[in-house]
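Residue-level listing of the chains:
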Amino acid sequence: MKILVCISNVPDTTAKISFTDNDTKFNKTGVQFIIGPYDDYALARAVELKEQHGGTVTVLNVGESESDPQLRKALAIGADDAIRVNTEPTDSYFVAAQIAHIASQNSYDLILMGRESIDFNSGVVHGLVGEMLGIASYSPVMKLDITGNEAKFAREIDGGKEHLSAALPLVLGCQEPIAEWKIPNMRGIMTARTKSLAVVEPVSVDDSTVLEKYALPAPKGSCRMIPAEEAEQLIALLKTEAKVL
Amino acid sequence: MATYFSRRNLDFLLYEVFHATELTKYPYFEAHDRETFDMVLDSATHIADTLMYPYYRDVDRNQPELKAGKVTVHPKIKEFLTAVGDAGLIGASFPFEQGGQQLPELIGSCMGFIKMAANNGMMYIGLTSGAANLITTFGSENLISTYVPHLLSGKWQGTMALTEPQAGSSLSDITTSAEPLENGSYLIKGQKVFISAGDHDAVDNVVHLMLARIKGAPKGTKGISLFVVPKSRLTDDGTFVDNDVASTGIYHKLGQRGTPAMHLTMGEEDNCYGWLVGEPNRGLNYMFQMMNEARIGVGMTGAAIASAAYYASLEYAKERPQSRRLNEKNLLDSPQTMIINHPDVKRMLLFQKAVVEGSLSLLMECARLSDLVHVTEGEEKENYELLLDLLTPVAKTFPTEMGVRAVSEGLQVLGGYGFTEDFPLEQMYRDIRITPIYEGTTGIQSQDLLGRKMTIKNGKAPRLLFAEIAKTLEEAQTYDELKPYAERLRKETGRIQEVTASLLPFAMQGNIERFLMDATLYMEMFGIVTVAWQWLKQGIAAKKAQLTLGDTEDAFYESKLHTMKFYFHYEVPKTKGLATRLLDTEVLTLETGKEVIL
């Protein structure tokens, strides 16, 4: 079985976000980057499936060289080889087109990725990739098993989850608890250096998004605790201070 | 994610101050690069985040228990040991041929820092890797193949079994005996106390690296040998049997309660076997290899606990409103300000930060020296060894003694809440208190510094240190903002030399008590100056980064420079008082009879 896992290179969840150049560029100084947490679940399940069924796991990132440490980490976790499409990931459509181009050149049985990245959170790349390749896509997938040429999986829906089955190939957007995150062990870390990391140039895509400006959300106000027995005070504050009543 | 240490600071020290990747130019470390270093630290952080930090309070509240000779520890300990064993982190610094990955100690020490900051109550693996290291360095092939793979897997526990009821700091007085047998093993008999992780149910076996006297050996330290004494021993038919190492007591400690401290009795049934490591009567020399590493490890634990305390009190100070600014006391209708805005709270926080980051820098300096000793030869190697020997007692003492004070200030930031179990500071305060005692008390370390390290090879070690400091001073002089601090440090090294010169004649006269009577104060002064050197190195790296970044603001570097200045203005001046005492001819402690101390 050939599995392609697409990973994003995103700021650590605790990173302080700021912008430069009149709020048109993300300030990366001092920011630690990580594999997108949902992508990390997809990678962990892919490695488990490879251990069960054999085959290969290729990890793919659309990004510049700063993504290489995350690709190496994915190789240390258990991916067999890596591909980086050498370009700035400008929007979801652009990224999906790059993934679809790579996938179209290699017949993967499964294309796994996180249900969304945690920087721009668009959550549409898996659907776009499926559309571009003409194969089915599902998200958010919480459980995944493979039997022969069939995938059995569960995905979250409003009020519960649904259990589905579909023939391979598939594009799946993944989330917990599909697998537990894996940490690279020392042996994996050392062997990752000898695995292939291919850098390829992007295909051209028309009509990319033009970014005008970034802005941070308004800071959250401080929390004040009002004892339950003083509900009148709470109402008064909602009227006079918060002015929401 | 981690709130008990700063990865940014660790990366700054690793790559901007100590240039960790330069080590990979040596053939021994050439299999590594920055990516492997970062991944190792990521893995350590993940384990610390998921299996250590969440259980910090829990392992303290659910202490190990000794019942019917069995020691039960918190169930998460086994999960943790399995995880670090599976990740290959216990023996990561070991050579390839011994199952390791030849990771530089500089990175290994950072892993230790992360783990101890997350949960210092789980102090198991440092002991295990130390024991495995001793066996691989001095033991026979048979001992290595029998014990080391199990130890590095996390399935067996290693310990240091030195202390006896009558022999703590004075190891020359140990009495545990070893009687040679015809099959090459020894019959062991005696007692050991305060053996950390000396027995527990999270592992399948416990392997003690134990000091004992072979029957007929000379008295004193020259008659001490080192043995492997397992809890369960391997028989000729490949099965394990009980080795007559009985857990006869468990200590109920002030802190670090997640790890049992055991009283062990060997050979009550004349059925305890041990195997000699290396040559007879050289045990203390061998053990000192482990102890020097352990001393730096204890220093790292001090810095790590102080780090966790700093970030806990910083978070509180940012969120706790109390009172108004001192210049706005009469504005009672205005909202209370956060306590981080009060100058005295800022002072306490900056003190903590200065101690944590200065200590960590000194400890990483030692780890780097350890790596350089490993990969160099001849005079260069000897020089690195001398520097490491000199700095080891300082790197054990400053982070632990000042760490206790730093955690105390952290607790103070929380006021009354800091004294309650609702916040972790009370536990951190209890936990860190052992560190100035472990592996040679502050008094022992101070005597080692002044009595041995300052004088060996006619004072070559301090000359090497001052030469290193001089290089830092020269570089600092190229930045206008750092010039005053370089000048200050230059004067401080002169102060150390002046005090040392005043004390050395007592040693030459053979008046050792007079020479060493205030060694602890000498250590305090020496430590302050050594860490000032480390802060100036950090200041240089921060200035370089600021010049590279140009107009791009980065509060991290500004904070570094600010803390460096704080250290020089608030801590370094204390050397003057210490030097005054050390140069004083009044010898009150020497002449004081015990009847005067009522």
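Only a predicted model underlies this, so the values are computations on that prediction, with no experimental measurement involved. (Residues numbered from 1 in each chain as written. Chains lettered and ligands numbered in written order. Predicted model: local features only at pLDDT ≥ 70, side-chain atom pairs only at ≥ 80, totals over all residues. Heavy atoms only, no water.)

Asks: What exactly am I supposed to notice about the interface of chain B and chain A here?
Replies: By convention, interface size is frequently given as the accessible area that disappears when the constituent parts associate. Contacts between chain B and chain A engage 27 residues on the former and 21 residues on the latter. Here chain B meets chain A over a buried area of about 2,000 Å², counting both sides, of which 65% is carbon and sulfur. Seen at the junction of chain B and chain A, the total is two salt bridges. We note a salt bridge from Asp 33 of chain B to Arg 193 of chain A, for which the minimum N-O separation is 3.1 Å. Run the count over chain B and chain A and you get six residue pairs in polar contact (both at pLDDT 80 or more). Ranked by residues supplied to the side of chain B that touches chain A, first place goes to helix 2 (residues 34-52) of chain B with eight residues. Broken down by class, the residue content of the side of chain B that touches chain A amounts to eleven nonpolar, seven polar and nine charged. (Contact = heavy atoms within 4.5 Å. Buried area = accessible area lost by both parts, 1.4 Å probe. Salt bridge = Lys/Arg side-chain N within 4 Å of Asp/Glu carboxyl O. Polar contact = N/O pair within 3.5 Å; in protein donor to acceptor, adjacent residues only side chain to side chain. Helix = DSSP H or I, 4+ residues; strand = E, 2+ residues; numbered from the N terminus. Nonpolar A, V, L, I, M, F, W, Y, C, P; charged D, E, K, R; others polar.)

Asks: Before we go on, may I ask you to explain the packing of helix 14 (residues 483-508) of chain B against helix 17 (residues 555-571) of chain B in this structure?
Replies: Each pair of packed helices gets described by two things: the angle between the helix axes and the distance between those axes. All names here are of chain B. The contact between helix 14 and helix 17 brings their axes to 11 Å, and the two run at 40°. In this view, helix 14 runs oblique relative to helix 17, as classed from their interaxial angle. Of the two possible hands of crossing, helix 14 and helix 17 adopt the one that is left-handed. Facing Tyr 485, Arg 488 and Leu 489 of helix 14, the residues of helix 17 in contact are Met 564, Lys 565, Phe 568 and His 569. The class makeup of the residues in the contact of helix 14 with helix 17 is four nonpolar, one polar and two charged. (Axes fitted to C-alpha atoms, helices over the stretch in contact; angles between N-to-C directions. Parallel < 35°, antiparallel > 145°, perpendicular 65-115°, else oblique. Left-handed = near helix turned anticlockwise from the far one by under 90°.)

Asks: Help me understand the pairing of strand 12 (residues 170-174) of chain A, please; the structure alone is not making it clear to me.
Replies: The side chains of a regular strand alternate between the sheet's two faces. All names here are of chain A. Most of strand 12 sits out of view: five of its five residues are buried. Alternating residues of strand 12 divide into Leu 170, Leu 172 and Cys 174 and Val 171 and Gly 173, and every residue in both groups is buried. Across three bridges, the pairing between strand 9 (residues 137-147) and strand 12 is parallel. What sits directly across from Val 141, in strand 12, is Cys 174. (Buried < 20%, exposed > 50% of the residue type's maximum accessible area, 1.4 Å probe, protein only. Pairing = 2+ DSSP bridges.)

Asks: I'm lost on the sheet that holds strand 7 (residues 81-86) of chain A in this one. Help?
Replies: Two orientations exist for strands paired in a sheet by backbone hydrogen bonds: parallel and antiparallel. All names here are of chain A. Taken in spatial order, the nine strands of this open sheet run 11-10-9-12-8-1-6-7-13, and their pairing is mixed. Only two strands of the sheet have a single partner each, and these edge strands are strand 11 (160-167) and strand 13 (197-200). Taken over all neighbouring pairs, the strand axes of this sheet differ in orientation by 30° on average, direction set aside. Contacting strand 1 (2-6), strand 6 (56-63), strand 7, strand 8 (110-114) and strand 13, helix 3 (residues 92-105) runs over the sheet at an angle of about 145° to strand 6.

Asks: Help me out: how do you make sense of the UniProt feature "domain: Acyl-CoA oxidase/dehydrogenase middle" (unreviewed entry) in chain B in this one?
Replies: The UniProt feature table records "domain: Acyl-CoA oxidase/dehydrogenase middle" (unreviewed entry) at residues 160-265 of chain B. With 0% helix and 47% strand, residues 160-265 of chain B has its two end C-alpha atoms placed 15 Å apart. (UniProt positions renumbered as here; feature names shortened; annotations may be inferred.)

Asks: Explanation requested: the pattern of salt bridges in the structure shown.
Replies: Close approach of charged atoms allows side chains with opposite charge to pair. Taken as a whole and assessed by the stated rule, the structure comprises 50 salt bridges over all chains. Here Arg 368 of chain B and Glu 365 of chain B are joined by a salt bridge, their closest N and O atoms 3.0 Å apart. Placement of the pair is Arg 368 of chain B and Glu 365 of chain B together in helix 9 (residues 343-375), with a separation of three residues, close to one helical turn. Taking relative accessible area as the criterion, Glu 365 of chain B reaches 2% and is therefore assigned buried. As a salt-bridge pair, Arg 452 of chain B and Asp 448 of chain B come within 2.9 Å of each other at their nearest N and O atoms. With Arg 452 of chain B and Asp 448 of chain B both in helix 12 (residues 442-453) and four residues apart, this pair spans about one turn of that helix. Residue class for Arg 452 of chain B comes out partly exposed when judged on its relative accessible area of 48%. The exposure class assigned to Asp 448 of chain B is buried, which follows from its relative accessible area of 11%. Connected through shared salt-bridge partners, Arg 45, Glu 48, Lys 143, Asp 145 and Lys 182 of chain A make up one network.

Asks: Can you walk me through empty space enclosed by the protein in this structure?
Replies: The gaps of empty space that remain are located by a probe, the size of a water molecule, rolled over the atoms. Residue and element names in this part refer to chain B. In the structure shown here, the tally under the stated rule is three cavities of 30 Å³ or more. Put simply, the largest cavity is a space of about 50 Å³. As for the largest cavity, its lining consists of Phe 5, Ser 6, Asn 9, Leu 10, Phe 113, Ser 307, Tyr 311, Val 356, Glu 357 and Leu 360. Contributing elements (two or more residues each) for the lining of the largest cavity: helix 1 (7-17), helix 8 (283-319) and helix 9. By residue number, the principal contributor to the lining of the largest cavity is helix 9, which donates three residues. Looking at the lining of the largest cavity residue by residue, the classes come out as six nonpolar, three polar and one charged. (1 Å grid on protein atoms, 1.4 Å probe; cavity = no way out; pocket = protein on both sides within 12 Å on 5 of 7 lines; lining within 4 Å. Points joined across faces, edges and corners; volume = space filled by probe spheres on them.)

Asks: Just checking my understanding: could you explain the UniProt feature "domain: Electron transfer flavoprotein alpha/beta-subunit N-terminal" (unreviewed entry) in chain A for this structure?
Replies: Under the present numbering, the feature "domain: Electron transfer flavoprotein alpha/beta-subunit N-terminal" (unreviewed entry) in UniProt falls on residues 23-212 of chain A. Between the first and last C-alpha atoms of residues 23-212 of chain A the distance is 9 Å; the span itself is 30% helix and 32% strand.

Asks: For this particular structure, what's the right way to read the packing of aromatic side chains?
Replies: Two measures describe an aromatic ring pair: the distance that separates the ring centres and the angle between the ring planes. One pass over the structure, following the stated rule, counts 23 aromatic pairs over all chains. With a centroid separation of 6.4 Å and 90° between ring planes, the pair formed by Phe 5 of chain B and Phe 113 of chain B is classed as edge-to-face. Taken together, the residues Phe 5 of chain B in the segment before helix 1 and Phe 113 of chain B in helix 5 (residues 105-118) connect sequence positions 108 residues apart. An aromatic cluster of at least three residues, connected via ring pairs, comprises Tyr 4, Phe 5, Tyr 53 and Phe 113 of chain B. Sitting over the face of the ring of Tyr 108 of chain A, Lys 2 of chain A holds its NZ or CZ atom 5.3 Å from the ring centroid. A cation over a ring is seen here: Arg 8 of chain B above Tyr 557 of chain B, with NZ or CZ 5.3 Å from the ring centre. (Phe/Tyr/Trp six-rings, centres within 6.5 Å; stacked < 30°, edge-to-face > 60°. Lys NZ or Arg CZ within 6 Å of the ring centre and 35° of its normal.)

Asks: Even after reading the chapter, I still don't get a nonpolar patch on the surface, so can you show me in this structure?
Replies: Residues and elements named next belong to chain A. Residues Ile 235, Val 244 and Leu 245 make up a contiguous nonpolar surface patch of about 300 Å² in total accessible area. Its place among the elements puts Leu 245 in the segment after helix 6 (231-240). You can call Leu 245 exposed: its relative accessible area is 62%. (Patch = residues over 30% accessible without salt bridge, like charges linked within 9 Å, V, L, I, M, F, W, Y side chains within 5 Å. Areas by Shrake-Rupley, 256 points an atom, 1.4 Å probe, with all protein chains shown as cover.)

Asks: Could you clarify how one ought to interpret the side chain of Asp 11 of chain B in this entry?
Replies: Locating Asp 11 of chain B in the fold gives a position in helix 1. Ignoring anything within four residues of it in the chain, the contact list for Asp 11 of chain B reads Glu 16, Arg 34 and Asp 38 of chain B.

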